[in-house]
Amino acid sequence: FPVTIQHDSIGDFFDDFNEAYENCEGILIELEHKPDDHELLNGLFRVVHTIKGNLGYIGLFSLIPLLQSLEDVLDDIRKGHMAYDSALCDVIQRSLDCTKLMVNAKIEQQPDVLSRERMNTFVTI
């Protein structure tokens, strides 16, 4: 299905997305020093949840499953079902990086930037 993006909303979305992405990066750095800080974990969850909702708002529904999976992992960490560590931090950061690449490609109407080969370069765990 071709993606129909609501072009009048792209500028606002892109500004919000970049701000949220940078916010996530900052929180991830703080979590490296305070991995059990529930306020930081809740903040990260909220930012990811907002990004996910905004993707739907402008019609980028194909990107939502990745963010939903990330949100599920963050929720498990918040509930104590999973421990936050540096490996998980890397997975979260790579998920956000992939999302950013895909958002940029969709907005610029470029072909899918994450081929199976490219995805394999992101998954080095």
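Presented here is an overview of the structure given in this document. All values reported here derive from a predicted model rather than from experimental measurement.

1. Examining helix H3 (residues 64–78)
Its 15 residues place the ends of H3 21 Å apart at the C-alpha level, agreeing with the 21 Å of an ideal helix rising 1.5 Å per residue. Here H3 has its buried residues at Leu-67, Leu-70, Glu-71, Leu-74, Asp-75 and Ile-77. Down the axis of H3, the buried set is contained in an arc of 155 degrees. They therefore lie on one face. Summarising the contacts, the buried residues of H3 are in contact with helix H2 (38–57) and helix H4 (86–107). In the segment just after H3, Gly-80 is the residue with positive phi, at about 85 degrees.

2. Regarding the pattern of salt bridges
For the coordinates displayed, the defined rule picks out 3 salt bridges. One salt bridge connects Arg-78 with Asp-75, and the closest N-O pair in it is separated by 2.9 Å. Here Arg-78 and its partner Asp-75 are both found in helix H3, 3 residues apart, which amounts to about one turn of the helix. When its relative accessible area of 26% is taken as the criterion, Arg-78 is described as partly exposed. A relative accessible area of 18% means that Asp-75 is categorised as buried. Residue Asp-75 pairs with Lys-79 through a salt bridge whose shortest N-O separation is 3.0 Å. Three or more residues are tied together by salt bridges with common partners; here these are Asp-75, Arg-78 and Lys-79.

3. Here's the deal with the side chain of Ser-95
Tracing the sequence through the fold places Ser-95 in helix H4. Overall, the relative accessible area of 13% leaves Ser-95 in the buried class. Here Ser-95 is in contact with Leu-66 and Leu-70, once residues within four sequence places are set aside.

4. Digging into a negative patch on the surface
There is a patch of like negative charges on the surface, built from Asp-12, Asp-15, Asp-16, Glu-19 and Glu-22. With respect to the element layout, Glu-19 can be found in helix H1 (residues 10–33). We classify Glu-19 as exposed; its relative accessible area is 56%.

5. Points about the packing of aromatic side chains
How two aromatic rings sit relative to each other is set out by the distance from centre to centre and by the angle between their planes. In total, this model carries 2 aromatic pairs according to the counting rule given. Where Phe-17 meets Tyr-21, the ring centres are 6.3 Å apart and the plane angle is 25 degrees; that geometry is what we call stacked. Within this pair, Phe-17 and its partner Tyr-21 are both found in helix H1, separated by 4 residues, close to a single helical turn. Phe-17 sits in the buried class, given a relative accessible area of 3%. Judged by its relative accessible area of 9%, Tyr-21 is buried. One aromatic cluster is present, formed by Phe-13, Phe-17 and Tyr-21 through successive ring pairs.

Each value, and the rule that gives it
Residues numbered from 1 in each chain as written. Predicted model: local features only at pLDDT ≥ 70, side-chain atom pairs only at ≥ 80, totals over all residues. Heavy atoms only, no water. Helix = DSSP H or I, 4+ residues; strand = E, 2+ residues; numbered from the N terminus. Expected span 1.5 Å × (residues − 1). Buried < 20%, exposed > 50% of the residue type's maximum accessible area, 1.4 Å probe, protein only. Arc of directions from axis to C-beta. Contact = heavy atoms within 4.5 Å. Salt bridge = Lys/Arg side-chain N within 4 Å of Asp/Glu carboxyl O. Patch = residues over 30% accessible without salt bridge, like charges linked within 9 Å, V, L, I, M, F, W, Y side chains within 5 Å. Areas by Shrake-Rupley, 256 points an atom, 1.4 Å probe, with all protein chains shown as cover. Lys, Arg positive; Asp, Glu negative; His and termini not counted. Charge placed at Lys NZ, Arg CZ, Asp CG, Glu CD. Phe/Tyr/Trp six-rings, centres within 6.5 Å; stacked < 30°, edge-to-face > 60°.

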